[in-house]
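Each chain, letter by letter, is given below.
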Amino acid sequence: MEIVKDKGVVALKGKLIVSEIDTVHSQLENLLDEISPDLLLNLSAVNEIDTSGLQLLFALKKSIEERDRGSLQIKSPSNAVKEALSFSGFDIVLKEDLG
């Protein structure tokens, strides 16, 4: 999993799956202190996501809310992410309109 921060947008590229979650989670938590109050997460290049990836998105949302920082916004979710969010109902929990 590659994580790229560019102009306030954090882009994830690759697989957001159980074997990657610990590393991705700690890297994203560290980035929360460096970004604006809102986390804009570009998921257009995530080609695979499992339940641990969905749980990570939810944990990030909760972490941001607990810090009274702002919100988590998902930008350009890939088809794999859209399907996983929609099928699991996490799109409603994360309050994302998947268009």
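The structure presented is a predicted model; accordingly, all values stated were derived computationally and were not measured. (Residues numbered from 1 in each chain as written. Predicted model: local features only at pLDDT ≥ 70, side-chain atom pairs only at ≥ 80, totals over all residues. Heavy atoms only, no water.)

## Quick word on helix H2 (residues 51–66)
For H2, with 16 residues, the first-to-last C-alpha span of 22 Å sits near the 22 Å given by 1.5 Å per residue. Regarding H2, the residues found buried are Ser52, Gly53, Leu54, Leu56, Leu57, Leu60, Lys61, Ser63 and Ile64. The inward-facing, buried residues of H2 contact strand S2 (9–16), helix H1 (21–32), strand S3 (39–49), strand S4 (72–75), helix H3 (79–88) and helix H4 (90–93). Just downstream of H2 lies aspartate 68, where phi reads positive at about 50°. (Helix = DSSP H or I, 4+ residues; strand = E, 2+ residues; numbered from the N terminus. Expected span 1.5 Å × (residues − 1). Buried < 20%, exposed > 50% of the residue type's maximum accessible area, 1.4 Å probe, protein only. Contact = heavy atoms within 4.5 Å.)

## Quick word on the confidence of the model for the protein chain
A residue-level look at the protein chain finds 94% of positions with pLDDT of 70 or above and a mean pLDDT of 87. Mean pLDDT values over the elements of the protein chain span from 82, in H4, up to 95, in S2. (pLDDT = per-residue confidence, 0-100.)

## Some words on the pattern of salt bridges
Counted according to the given criterion, the structure contains two salt bridges. Of the charged contacts, one joins lysine 15 and glutamate 48 as a salt bridge, the two residues approaching to 3.8 Å between their closest N and O atoms. Here lysine 15, found in strand S2, pairs with glutamate 48, found in strand S3; they are 33 residues apart in sequence, far enough to count as distant. Notably, a salt bridge pairs glutamate 65 with lysine 61, separated by 2.7 Å at the nearest N-O pair. Taken as a pair, glutamate 65 and lysine 61 lie in helix H2 at a separation of four residues, close to a single helical turn. Taking the relative accessible area as the measure of exposure, glutamate 65 reaches 36% and is therefore partly exposed. (Salt bridge = Lys/Arg side-chain N within 4 Å of Asp/Glu carboxyl O.)

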